[in-house]
Amino acid sequence: MKKLILLCAIVLVLAAIIMACGPGRQTPTRESAVGGTTSQAGLSADAAQVAAERGLSPDDVTAALKTFMPSGQLDPYIMFASGGQGGQVLVVGVPSMRILKLIGVFTPEPWQGYGFGGAGNAILAQGKVGDNEILWGDTHHPGLSETNGEYDGQFLFINDKANARVAVIDLKDFATKQIVKNPLAINDHGGSFVTPNTEYIIEGPQYAAPLGWEYSDIANYKEEYRGVMTLWKFDRATGRIDPAQSFSIELPPYFQDLCDAGKKVSDGWLFCNSFNTELATGGVEDGNPPFEAGTAKNDTDYLHIVNWKKAEELYKAGKVETIKGMPLIRLDTAAKEGVLYFTPEPKSPHGADVTPGGEYVVVGGKLDPHVTIYSFDKIQKAIAALNEGTMTKDEFGVPVLSLDSTMEAQVELGLGPLHTVYDDKGYAYTSLFLDSVVARWTLGGPYQGLHPEEPWTLVQKLPVQYNIGHIAAAEGDTSSPDGNYVVALNKWSIDRFANVGPLLPQNFQLVDTSQTGDTMKVLYDMPIGMAEPHYAQIIKADKLAPLEVYPVGTNPETMQQDPNAITGPDQAKVVRNGNNVEIWMAVVRSHFTPEHIRIKQGDHVIWHFTNLEQTRDATHGFALPGYNINLSLEPGKTETIEFDANMSGTYAYYCTEFCSALHLEMLGYFMVEPN
Ligand code: K7E
Ligand code: CUA
């Protein structure tokens, strides 16, 4: 009876809301939102008074107006930011900079019930290193899937620098589906970036080590330590990386850094920095130069120029050696067969970023005040002009193209240029770590007509707080970037936020880049209080089409109908078979069926849950005390847990999501009789 009254009340309230809204929710137009008593400036007298009381400058007010998202309105862009050593991905609305989700990737995430008994456990277990379970990751570079060089909103990939792993997130439900461990590398960095049609997900290396991280003393560095770049084949139909069709390329032990895929005119090629062509091996305690000095001795390092289509041909032709199950194009093969070339790049390079049309690669040398712009056309001509008799090679036999023959321009920007992104107005934006600025400068060549300034010139340096690392632009890595926003991912925040102790948040600063010329402005500061994000990508929100609810019975790991799904509480049951107890449980507001589970200590329990709801946001949780079990059962989801009931006792299991007025009553008892 009580339930019936409640149901009637809900129906009445809903009806009232629907009537008030009319068919299709109306959002106020700009005119009506500021209409009525507006002053000359478009601000109400109230607003002017608030601005005066709070000491807001006209710029502050403009910034507030540009970022404020009225209740119920949605951001036009979604940013996917790495969660750094948190091992997650952050989903953020732009320009409001509201955090929408934290996706557990390499790290268990309790809200999503990821890694607490359900499907997440199997996915996290794919990321084992040897027999060791690794329950965190150092996520650096999220990469959205692309079709024809444009984000297609289907998948997101991200690397774990610490353990050389790559994860696949399905943007149908914003959940991690797969982790692959690189069998040859123990850490990575230059990933994950996709080729323009997501044929491959690139995982570039970082700190050289013997292949397969086998033991070898660092005294054998030059002979036995190597870099490895892996091309993970992505199968769109299954939505998974196919390790059986993936391969790697052996590289010299040069500490390869950031990589980027060519696109359009440079489709088929990859570009990757390096910062230890000195082959420094550290050992400061023995009187050797420390790594930081040893790796910075040379004036130049090598930009790695990789012909991945050629590499794919070699792999398909079997010109590989298989090590630890991974087909590997050996370094001498790569050098001889036209897979790998080098060209010098200035001091301590970090970012290598391909322009939207693929014509140029921009490299920032941390210890050089310039960015260096390489022309893909010139690189091709230099390669064509190579002559076996006269060509320069590095000490590993890789052809070296002279800087003169590959460089298009250099632009002096300031101290510590790192990463570069692009917009629709022919500008490039480079983060200057030491100067703490975002530098806007002009591209030349085919981009020259898009802006009013001279090509290859600095236009504006916008101070940011502080020590900007990466920089992200709206649709920035695509063939057609948008022009509205850039986000500065600042490493330090010092005095920008309330003191929360010695460990400070990072600061994401939203920058308005909508107008040409010297007009960039900081709009918003967003503290990131859960890790150190490295890179982010920003996609137009309307390119994303996630599910609103799962079709009833969906297994989140396979995204297919789960064979253990049930369609109603009448199908719920407990079946005992010797010491095995299998439970099919129905979950729907506001009860679990069954509510009593009686088992014996030592029984093996397999427990299937189906959330029968199809109402948006009608998520239930499942918490079982004492057994480290915690699930998030979104509408339609079917999930299975399996464990040994090793402890006797009486355990109330309950729903962790406040799903209804009778949520507290959504519980049951798990009674484990002692032996
Ligand atoms: Cu922090 Cu791309 Cu890993 Cu630069 S990286 S800042
Ligand atoms: Cu279901 Cu609370």
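Now for a quick tour of the structure. Quantities reported herein were computed from a predicted structural model and do not represent experimental measurements. Residue indices begin from 1 for each chain and proceed along its sequence in written order. Chain A is the first chain written and ligand 1 is the first ligand written, with later ones labelled in order. With the structure being a predicted model, the display of local features is reserved for residues of pLDDT at least 70 and the display and counting of side-chain atom pairs for 80 or more, all residues being used for whole-chain, interface and lining totals. To obtain the side-chain values, all non-hydrogen atoms of the structure were included, while hydrogens and water were left out.

Now for the overall build of the protein. Along the backbone of the protein there are 11 helices and 44 strands. The quantity called the radius of gyration is restricted to C-alpha atoms. Its globule counterpart is 2.2 Å times the number of residues to the power 0.38. Whereas a compact globule of 675 residues would reach a radius of gyration of roughly 26 Å, the protein reaches 28 Å, a difference of no more than 12%. For the protein, the spread of C-alpha atoms along the three principal axes comes to 90 × 75 × 45 Å. Per-residue burial for the protein yields a buried fraction of 56% across its 675 residues. By definition, residues are in contact when any of their heavy atoms lie within 4.5 Å. Contacts spanning at least 24 positions in sequence make up 62% of the contacts within the protein whose residues lie at least 6 apart. In this description, accessible areas are obtained by the Shrake-Rupley approach with a 1.4 Å probe, and a residue is regarded as covered only by the protein chains that are shown. Put simply, the protein shows about 28500 Å² of open surface, and 54% of that area lies on carbon and sulfur atoms. Positive charges come from Lys and Arg, negative ones from Asp and Glu, while His and the chain ends are left out of the count. For this purpose, a charge sits on NZ of Lys, CZ of Arg, CG of Asp or CD of Glu. Separation of charge centres in the protein, based on 49 positive and 81 negative side chains, amounts to 4 Å. Helical segments are the DSSP runs of H or I of at least four residues, strand segments are the runs of E of at least two, and each set is numbered from the N terminus. Here's how the labels work: a residue is buried when its accessible area is under 20% of the maximum for its type, exposed when over 50%, partly exposed in between, all with a 1.4 Å probe on protein chains only.

This brings us to the state of the cysteines. We call a pair of cysteine sulfur atoms a disulfide whenever their separation is within 2.5 Å. Within the structure shown, the criterion is met by 1 disulfide. A sulfur-sulfur distance of 2.0 Å marks the disulfide that ties Cys-259 to Cys-272. Of this pair, Cys-259 sits in strand S14 (residues 256-261) while Cys-272 sits in strand S15 (residues 269-274), and the two are 13 residues apart along the sequence.

Bringing the site of ligand 1 into the picture now. Taken together, His-140, His-141, His-189, Leu-258, His-350, His-419, Gly-469, His-470, Lys-491 and His-534 make up all the residues around ligand 1. When residue character is reported, Ala, Val, Leu, Ile, Met, Phe, Trp, Tyr, Cys and Pro are called nonpolar, Asp, Glu, Lys and Arg charged, and the others, Gly included, polar. Residue classes in the shell around ligand 1 are distributed as 1 nonpolar, 8 polar and 1 charged. Consider each residue's heavy atoms; a residue with any of them within 4 Å of a molecule or strand counts as near.

Right, let's get into a nonpolar patch on the surface. Grouping into patches uses exposed residues only, defined as over 30% relative accessible area, and leaves out salt-bridged ones; the cut-off is 9 Å for like charges and 5 Å for nonpolar side chains (Val, Leu, Ile, Met, Phe, Trp, Tyr). The salt bridge criterion pairs a side-chain nitrogen of Lys or Arg with a carboxyl oxygen of Asp or Glu, the two atoms within 4 Å. A surface patch of nonpolar side chains, about 310 Å² in accessible area, is lined by Trp-492, Ile-494 and Leu-504. Within the secondary structure, Trp-492 sits in the loop between strand S31 (485-490) and strand S32 (506-512). Given a relative accessible area of 52%, Trp-492 falls into the exposed group.

A few words on helix H3 (residues 45-54). Taking burial as the measure, the 10 residues of H3 include 1 buried ones, a minor fraction of the element. Backbone geometry just after H3 places Gly-55 at a positive phi near 70 degrees.

Now for the nonpolar core. What is meant by a nonpolar core is a set of buried Ala, Val, Leu, Ile, Met, Phe, Trp, Tyr and Cys residues, joined one to another through side-chain atoms within 4.5 Å. Counting residues in hydrophobic clusters, the biggest one holds 34 residues, and the most contacted among them are Met-229, Leu-231, Phe-247, Ile-249 and Leu-340. For this core, the leading source of residues is helix H8 (residues 308-316), giving 4 residues. Residues within four places of Met-229 in sequence aside, it is in contact with Ile-202, Glu-203, Pro-205, Phe-247, Ser-248, Ile-249, Leu-251, Cys-259, Leu-270, Cys-272 and Val-306. Grouped together as the second largest cluster of nonpolar side chains are 26 residues, Ile-629, Leu-631, Leu-633 and Ala-645 included.

A few words on the pairing of strand S44 (residues 667-673). Where burial is concerned, the two faces of S44 differ: the one with Gly-668, Phe-670 and Val-672 is buried and the one with Leu-667, Tyr-669, Met-671 and Glu-673 is not. The pairing of strand S38 (residues 596-600) with S44 spans 5 bridges and is classified as parallel. Bridging from a neighbouring strand, Ile-597 pairs with Phe-670 of S44. Strand pairing is defined by DSSP finding a minimum of two bridges between the two strands. Here strand S43 (residues 649-654) pairs with S44 via 6 bridges, running antiparallel.

This part covers the pattern of salt bridges. The tally for this structure, following the rule as stated, stands at 30 salt bridges. Measuring nitrogen to oxygen at the nearest pair gives 2.7 Å for the salt bridge that ties Lys-177 to Asp-173. Asp-435 serves as the salt-bridge partner of Lys-461, at 3.1 Å between the closest nitrogen and oxygen. On the criterion of sequence distance, the pair formed by Lys-461 in strand S29 (residues 458-463) and Asp-435 in the loop between strand S27 (427-432) and strand S28 (437-442) is long-range, its members being 26 residues apart. Judged by its relative accessible area of 26%, Asp-435 is partly exposed. What you see here is one network of salt bridges that share partners, running through Arg-226, Glu-250, Glu-321 and Arg-330.

Residues of helix H10 (residues 376-384) that are buried include every one of Phe-376, Ile-379, Ala-382 and Ile-383, and no others. Seen along its axis, H10 keeps its buried residues to an arc of 120 degrees; they face one direction. Turned more than 90 degrees away from the buried face of H10, the exposed residues are Lys-381 and Ala-384. Among the structural elements, S15, strand S16 (300-307), strand S19 (340-346), strand S22 (370-375) and helix H11 (403-406) are those in contact with the buried residues of H10. In protein, a polar contact means a hydrogen-donor-capable atom and an acceptor-capable atom, both N or O and within 3.5 Å, with residues adjacent in sequence counting only if both atoms are side-chain atoms; elsewhere, any N or O pair within 3.5 Å suffices. The N-capping residue of H10, defined by a side-chain oxygen 3.2 Å from the backbone nitrogen of Asp-377, is Ser-375. Working note: the arc is built from the helix axis to C-beta atom directions.

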